[in-house]
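# Fold and contact review
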Amino acid sequence: QVQLVESGGGLVQAGGSLRLSCAASGSRISIYNMGWYRQAPGKQRELVARITAKHTTTYSDSVEGRFTISRDSAKNTVFLQMSGLTPEDTALYYCNADIRIWGNVTYSSYWGQGTQVTVSS
């Protein structure tokens, strides 16, 4: 059984910064890709950033240059450092991770419950 728990969301002014964290529980797991997605009301969920086990990163065009994804593999944690925030960044941010539970042949994709980020103008 695996759980992803996000934290760090909140209300910030435009131009401000925020750091999101997501920790994966489980003592017998291997984590591969991790990422952040977001969904605003009335919009589809979209990929924000992704990071592989080898720390290769990918960003959506809308956040490139403003957001930085990183991970602490020893702590099974992924971070999203957000700067230059705009009201367009307002959304519910979800953590995602591809995780294999020891004993299983394949991995599965897991999701956190989400953390709200609201950017005021």
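What counts, and at which threshold
- Residues numbered from 1 in each chain as written.
- Predicted model: local features only at pLDDT ≥ 70, side-chain atom pairs only at ≥ 80, totals over all residues.
- Heavy atoms only, no water.
- Helix = DSSP H or I, 4+ residues; strand = E, 2+ residues; numbered from the N terminus.
- Rg over C-alpha atoms; globule rule 2.2 N^0.38 Å.
- Buried < 20%, exposed > 50% of the residue type's maximum accessible area, 1.4 Å probe, protein only.
- Contact = heavy atoms within 4.5 Å.
- Areas by Shrake-Rupley, 256 points an atom, 1.4 Å probe, with all protein chains shown as cover.
- Core = buried A, V, L, I, M, F, W, Y, C linked by side-chain atoms within 4.5 Å.

### Overview of the overall build of the protein
Within the protein one finds 0 helices and 11 strands. Put simply, the protein runs from its N terminus to its C terminus through helices and strands in the order β-β-β-β-β-β-β-β-β-β-β. In terms of overall size, the protein behaves like a compact globule, its C-alpha atoms giving a radius of gyration of 14 Å where 121 residues would be expected to give roughly 14 Å. Across its three principal directions, the C-alpha atoms of the protein cover 50 × 25 × 25 Å. Relative to its 121 residues, the protein shows a buried fraction of 40%. Counted over contacts in the protein with a minimum sequence separation of 6, partners at least 24 positions apart contribute 56%. In the structure as shown, the protein presents an accessible area of about 6700 Å², 47% of it carried by carbon and sulfur atoms.

### Considerations on the nonpolar core
The biggest cluster of nonpolar side chains holds 31 residues, and the ones touching the most others in it are W36, L80, M82, Y93 and I99. Those elements giving two or more residues to this core turn out to be β3 (18–24), β4 (29–39), β5 (46–51), β7 (67–72), β8 (77–82), β9 (91–101) and β11 (115–120). Broken down by element, this core gets its largest block of residues, 5 residues, from β9. Filtering out sequence-adjacent residues up to four positions away, L80 remains in contact with L18, R19, L20, W36, V48, A49, F67, T68, I69 and Y93.

In short, geometric facts, not functional conclusions.
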